[in-house]
Amino acid sequence: MKVVLLADVKGHGKKGELVNVSDGYAKNFLLPRKLAKEANAQAMNELKNAEEAKAFKIKTETEAAQKAADFINGKSVHLYATAGQGGRLFGSVTAKEIAEEIKKQFQVDVDKRKISMDGEIKAFGTYECDIKLYTGISAKIKAVVSEKE
């Protein structure tokens, strides 16, 4: 019997897949527990629509991430910090602060966990950061740290 899985079933497949199982397993286990529904025309149409919606969502997110990457790639973010003697900062400049400045200066939302830096920023200067916006889409940005006036 062909069924569309409504949840992950160990040994048979993931949610949303069309699988072929024995009649008894489907009637006595999967269907009563609402883990699957019979693969009739309506269920197949819903499955097809769900796949198309997922593909459309991935396409739009990829386009938006590519547009944001093209916009911020190679730009500089200016951060201001206070320092003690010798030009060493009190604390360090974090990925969270860089993400907030990107949002403020370029109106692009970036998750702080997606920003990778070469070590910590503990002194004034220019640092290069990689930003992963989506799978396979990244941008490079320069963080310019200077003293507060």
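Please refer to the structure placed before this passage.
The structure contained in this document is the topic of the report that follows. All values reported here derive from a predicted model rather than from experimental measurement. (Residues numbered from 1 in each chain as written. Predicted model: local features only at pLDDT ≥ 70, side-chain atom pairs only at ≥ 80, totals over all residues. Heavy atoms only, no water.)

Next up on the list: the sheet that holds strand β1 (residues 2-5). Reading across the sheet, the 3 strands line up as β2-β1-β3 and stay open at both edges, with antiparallel pairing between neighbours. Each edge of the open sheet carries a strand with a single partner, namely β2 (18-20) and β3 (36-38). Adjacent strand axes in the sheet meet at a mean angle of 40 degrees when their direction is disregarded. Pairing analysis gives 3 bridges linking β1 to β3, with the strands arranged antiparallel. The residue bridging Leu5 from the neighbouring strand is Ala36, located in β3. (Pairing = 2+ DSSP bridges. Helix = DSSP H or I, 4+ residues; strand = E, 2+ residues; numbered from the N terminus. Axes fitted to C-alpha atoms, helices over the stretch in contact; angles between N-to-C directions.)

On to helix α3 (residues 95-106), then. Here α3 is 12 residues long and its end C-alpha atoms lie 16 Å apart, about the 16 Å a rise of 1.5 Å per residue gives. Where α3 is concerned, the buried positions are Ala95, Ile98, Ala99, Glu101, Ile102 and Phe106. The buried residues of α3 all sit within an arc of 165 degrees when viewed along its axis, so they share a single face. (Expected span 1.5 Å × (residues − 1). Buried < 20%, exposed > 50% of the residue type's maximum accessible area, 1.4 Å probe, protein only. Arc of directions from axis to C-beta.)

The subject of this paragraph is the environment of Thr60. Inspection of the secondary structure puts Thr60 in helix α2 (residues 41-72). Since its relative accessible area comes to 32%, Thr60 is described here as partly exposed.

Below, the discussion takes up the pattern of salt bridges. Should their charged atoms come close, side chains of opposite charge can pair. Within the structure shown, the criterion is met by 8 salt bridges. Taking the shortest distance from any N to any O, the salt bridge between Glu63 and Lys59 comes out at 3.8 Å. Linking Glu63 with Lys59, this pair stays in helix α2, spanning 4 residues, or about one helical turn. What makes Glu63 partly exposed here is its relative accessible area of 46%. Between Glu101 and Lys104 there is a salt bridge, and its shortest N-O distance comes to 3.3 Å. On the criterion of helical spacing, the pair formed by Glu101 and Lys104 is a turn pair, its members being 3 residues apart in helix α3. Its relative accessible area of 16% is what places Glu101 among the buried residues. Take Lys104: its relative accessible area is 59%, and that puts it in the exposed class. (Salt bridge = Lys/Arg side-chain N within 4 Å of Asp/Glu carboxyl O.)

Inspection of the secondary structure puts Asp118 in the loop between β6 (115-117) and β7 (121-123). According to the relative accessible area criterion, Asp118 is exposed, its value standing at 71%. Through-space distance from the C-alpha of Asp118 to that of Val108 is 22 Å; in sequence the pair is 10 residues apart.

Attention now goes to the environment of Gly11. Mapped onto the secondary structure, Gly11 falls in the loop between β1 and β2. On a C-alpha basis, the gap between Gly11 and Ile115 in space is 38 Å, while along the polypeptide they are 104 residues apart.

Glancing now at the packing of aromatic side chains. Evaluation of the coordinates by the stated rule reveals 2 aromatic pairs. Taken together, a centroid distance of 5.3 Å and an interplanar angle of 15 degrees make the contact between Tyr25 and Phe29 stacked. A residue pair is termed a helical-turn pair when its members lie 3 or 4 positions apart in one helix, as Tyr25 and Phe29 do in helix α1 (residues 23-30) at 4 residues. Given the relative accessible area of 30%, Phe29 is considered partly exposed. (Phe/Tyr/Trp six-rings, centres within 6.5 Å; stacked < 30°, edge-to-face > 60°.)

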